[in-house]
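Each chain, letter by letter, is given below.
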Amino acid sequence: MYKNFQEHLQKELQDIKEAGLYKEERIITSPQDAEISVSTGEKVLNFCMNNYLGLSNDQRLIDASKEALDQRGYGMSSVRFICGTQDMHKELEAKIAEFFGTEDTILYAACFDANGGVFEPLLTAEDAIISDALNHASIIDGVRLCKAQRYRYKNADIADLEEQLKLAQAQRFRLIVTDGVFSMDGNVAPLDKILELAEKYNAMVMVDESHSAGVVGKTGRGVSELYNAKGEVDIITGTLGKAFGGAIGGFTTGRKEVIDMLRQRSRPYLFSNSIPPMVANAGIKMFDIMKESNELQDRLHENTSYFVDKMKSIGFDIKPTESAICAVMLYDAKLSQDFASALLKEGIYVIGFYFPVVPKNEARIRVQLSAAHTREQLDKAIAAFDKVGKELGVLK
Ligand SMILES: *Cc1c(COP(=O)(O)O)cnc(C)c1O
């Protein structure tokens, strides 16, 4: 049997390669940081990590995880409701709720699981989910697992959302769901207007703050801080795998009864392992750091505006951004790949994205800024962009 299937897979893989969509992995041989070593021996400056606050290699988090390793061992070997809950897990859940100003939190192994397990336990075929067209894959999969009626609105398009909400009046309960920050443009969801429409059309609101938590808003509380809407969003999902230390783990935080129901019925929570104590303890430390000072957010925001302003002033076309994601528009797919390769030769590691990851003729280089980048490193990246931009005829 395998012979036929093997040929089928070989052909499909070949098609992926021919379409130029085959994903190769770069192998890092140092900790994740602003500067990394890769297996080919080079050192490069990293502008494609989700390590927005530079915490992935933070000594305080390393120490907190070592302390938990020594005191509580390596793994939990259990789901939460059997024997997988320690005081650390409960403390971390409480810290996350405090951070977002919500009532309770439930932890998952990843935000992919949080999104995969949030819809099906809460909504039925009588209900409606109204979802932004550019929502993360895990939201799309989570919605697929749920029997609720599906409505889709154009990215961050309030008029279209209103149309869909009118149609969804046929259902019992309505949930609008959106990413906080959309990862390809770096734009934020227009939460103020979404909340107004939710009020008008009697809908609940869920925001996935994975790319925005720790990043957006003066103190990094995400898009609900940006729009001064703390406590108004019914359900927030997020990850510990990006700004918040970058290891592993996700969460859903929000209304008390929602979280309570998820603990009873959410399948990735009930049937998948508990996060290890070292991750829980480092998470606690991380939220303590967030509480103590705003230093990392301040540095990230400074770095982002410095980079964006400089890049615009030397002539690059930059998408409007309200996050730490900066899309340098090149439009042409091949150019985006050539540009990224040339930057790598200059010691700058970035990724060029093109269709179908972004719309046709909207190829770009995505730059992700971090509090870990020094001014010198930013200047080096800007100089490399300038040089390559001139060589490839993007800049005059
Ligand atoms: C990264 C991301 C996720 C997945 O988070 P993991 O914890 O890595 O599974 C989910 N949603 C959004 C919007 C993301 O950007």
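Quick caveat, the model's predicted, so the values are computed rather than measured.

## Section: the layout of surface pockets
Piece 1. In this structure, the largest pocket encloses a volume near 1200 Å³.
Piece 2. In terms of lining, the largest pocket is formed by 34 residues, of which the most central are K23, E24, Y349, I351 and F353.
Piece 3. Listed by contribution, the elements that provide at least two residues to the lining of the largest pocket are α14 (333-345), β12 (351-353) and β13 (363-368).
Piece 4. At 4 residues, α14 tops the list of elements feeding residues into the lining of the largest pocket.
Piece 5. The space that makes up the second largest pocket amounts to roughly 340 Å³.
Piece 6. L134, N135, S183, M184 and V357 are, among the 19 residues lining the second largest pocket, the residues nearest its centre.
Piece 7. Its residues assigned to classes, the lining of the second largest pocket comprises 10 nonpolar, 4 polar and 5 charged.

## With respect to the pattern of salt bridges
Piece 1. Applying the stated rule across the entire model yields 25 salt bridges.
Piece 2. Measuring nitrogen to oxygen at the nearest pair gives 3.1 Å for the salt bridge that ties E93 to R263. Residue E93 is found in helix α4 (residues 87-100), and its partner R263 is found in helix α10 (residues 256-265); the two are separated by 170 residues along the sequence.
Piece 3. Of the charged contacts, one joins K387 and E391 as a salt bridge, the two residues approaching to 3.8 Å between their closest N and O atoms. Of the two residues, K387 and E391 both sit in helix α15 (residues 375-391), 4 residues apart, roughly one turn of that helix.
Piece 4. Each of R80, K90, E93, D104 and R263 takes part in one network of salt bridges that share partners.

## Some words on the packing of aromatic side chains
Piece 1. Per the counting criterion, the structure on display carries 12 aromatic pairs.
Piece 2. On the numbers, 5.3 Å between centres and 70° between planes, the contact of F99 with F287 is edge-to-face. Placement of the pair is F99 in helix α4 and F287 in helix α12 (residues 277-292), with a sequence separation of 188 residues. The residues F99 and F287 share a single accessibility class, namely buried.
Piece 3. With a centroid separation of 6.1 Å and 75° between ring planes, the pair formed by F316 and F339 is classed as edge-to-face. In this pair, F316 sits in the loop between α13 (295-313) and β10 (325-331) while F339 sits in helix α14, placing the two residues 23 residues apart along the sequence. When sorted by exposure, F316 lands in the same class as F339, which is buried.
Piece 4. Through a chain of ring-to-ring contacts, three or more aromatic side chains come together here, namely F47, F307, F316, F339 and F385.

## Structural notes on unusual backbone geometry
Piece 1. A cis amide bond, omega 10°, links F355 with the succeeding residue P356.
Piece 2. In this fold, P356 is placed in the loop between β12 and β13.
Piece 3. Despite not being glycine, S77 has its phi angle at roughly 50°, a positive value.
Piece 4. Mapped onto the secondary structure, S77 falls in the loop between α2 (59-72) and α3 (80-83).

## Here's the deal with the environment of A189
Piece 1. As for its placement among the helices and strands, A189 is situated in the loop between β6 (174-179) and α8 (191-200).
Piece 2. On the accessibility criterion, A189 (1% relative accessible area) is buried.
Piece 3. Distance from A189 to A94, taken between C-alpha atoms, is 26 Å for residues 95 residues apart in sequence.
Piece 4. In contact with A189, other than residues within four places in its own chain, are T178, D179, G180, F182, I194 and Y227.

## Describing the sheet that holds β6
Piece 1. Pairing within the open sheet is mixed, and its 7 strands lie in the order β3-β9-β8-β7-β6-β4-β5. What marks the edges here is a single partner per strand, and that holds for β3 (104-108) and β5 (149-153). This sheet shows a mean twist of 20° between the axes of neighbouring strands, independent of strand direction.
Piece 2. Here 5 bridges tie β6 to strand β7 (residues 204-208), and the two strands are oriented parallel to one another. Of the residues in β7, the one forming a bridge with T178 is V207.
Piece 3. In this fold α4 packs onto β3, β8 (235-239) and β9 (250-254), with an angle of close to 125° to the strand it touches most, β3.
Piece 4. Against the sheet, α8 makes contact with β5, β6 and β7, and its axis sits at roughly 155° relative to β7, the strand it touches most.

Basis of the calculations
- Residues numbered from 1 in each chain as written.
- Predicted model: local features only at pLDDT ≥ 70, side-chain atom pairs only at ≥ 80, totals over all residues.
- Heavy atoms only, no water.
- 1 Å grid on protein atoms, 1.4 Å probe; cavity = no way out; pocket = protein on both sides within 12 Å on 5 of 7 lines; lining within 4 Å.
- Points joined across faces, edges and corners; volume = space filled by probe spheres on them.
- Helix = DSSP H or I, 4+ residues; strand = E, 2+ residues; numbered from the N terminus.
- Nonpolar A, V, L, I, M, F, W, Y, C, P; charged D, E, K, R; others polar.
- Salt bridge = Lys/Arg side-chain N within 4 Å of Asp/Glu carboxyl O.
- Phe/Tyr/Trp six-rings, centres within 6.5 Å; stacked < 30°, edge-to-face > 60°.
- Buried < 20%, exposed > 50% of the residue type's maximum accessible area, 1.4 Å probe, protein only.
- Contact = heavy atoms within 4.5 Å.
- Pairing = 2+ DSSP bridges.
- Axes fitted to C-alpha atoms, helices over the stretch in contact; angles between N-to-C directions.

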